[in-house]
Amino acid sequence: MHEHPRCDHCEEECAPEELVILAQPAGHGELICGRCIEIMFRREIAKLPREN
Ligand SMILES: [Zn+2]
């Protein structure tokens, strides 16, 4: 059987090398793909106060 891991965010099957385990405090050990990381990263940046 050929099983592809799934992203826990968009629930799409991804290549294992594309998935990252999201550690706390950002996540709870779920798998996240490169695309979702980018989306999440942008969201986090938008949340940050602009200090410069
Ligand atoms: Zn994803």
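Description of the structure in this document. (Residues numbered from 1 in each chain as written. Predicted model: local features only at pLDDT ≥ 70, side-chain atom pairs only at ≥ 80, totals over all residues. Heavy atoms only, no water.)

1. Regarding the coordination of the zinc ion
- Those donors, Cys7 (SG), Cys10 (SG), Cys33 (SG) and Cys36 (SG), are the protein atoms that reach the zinc ion, and they lie 2.3 to 2.4 Å from it.
- Considering all 4 donor atoms around the zinc ion, the spread of angles at the metal, 107 to 114°, places the coordination shape in the tetrahedral class.
- Going along the chain, you hit the donors of the zinc ion in the pattern C-x2-C-x22-C-x2-C. Of this pair, Cys7 sits in the segment before β1 (19-22) while Cys36 sits in helix α1 (residues 34-47), placing them 29 residues apart in sequence. (Donors = N, O, S within 2.8 Å, 3.2 Å for Na, K, Ca; no water. Tetrahedral: all angles 85-135°; square planar, octahedral: opposite > 155°, others 65-115°. Helix = DSSP H or I, 4+ residues; strand = E, 2+ residues; numbered from the N terminus.)

2. A closer look at the pattern of salt bridges
- Scanning all chains against the criterion turns up 4 salt bridges.
- Note that Arg42 is salt-bridged to Glu38, the shortest N-O span being 2.5 Å. With Arg42 and Glu38 both in helix α1, this residue pair falls 4 residues apart, about one helical turn.
- What makes Glu38 partly exposed here is its relative accessible area of 44%. (Salt bridge = Lys/Arg side-chain N within 4 Å of Asp/Glu carboxyl O. Buried < 20%, exposed > 50% of the residue type's maximum accessible area, 1.4 Å probe, protein only.)

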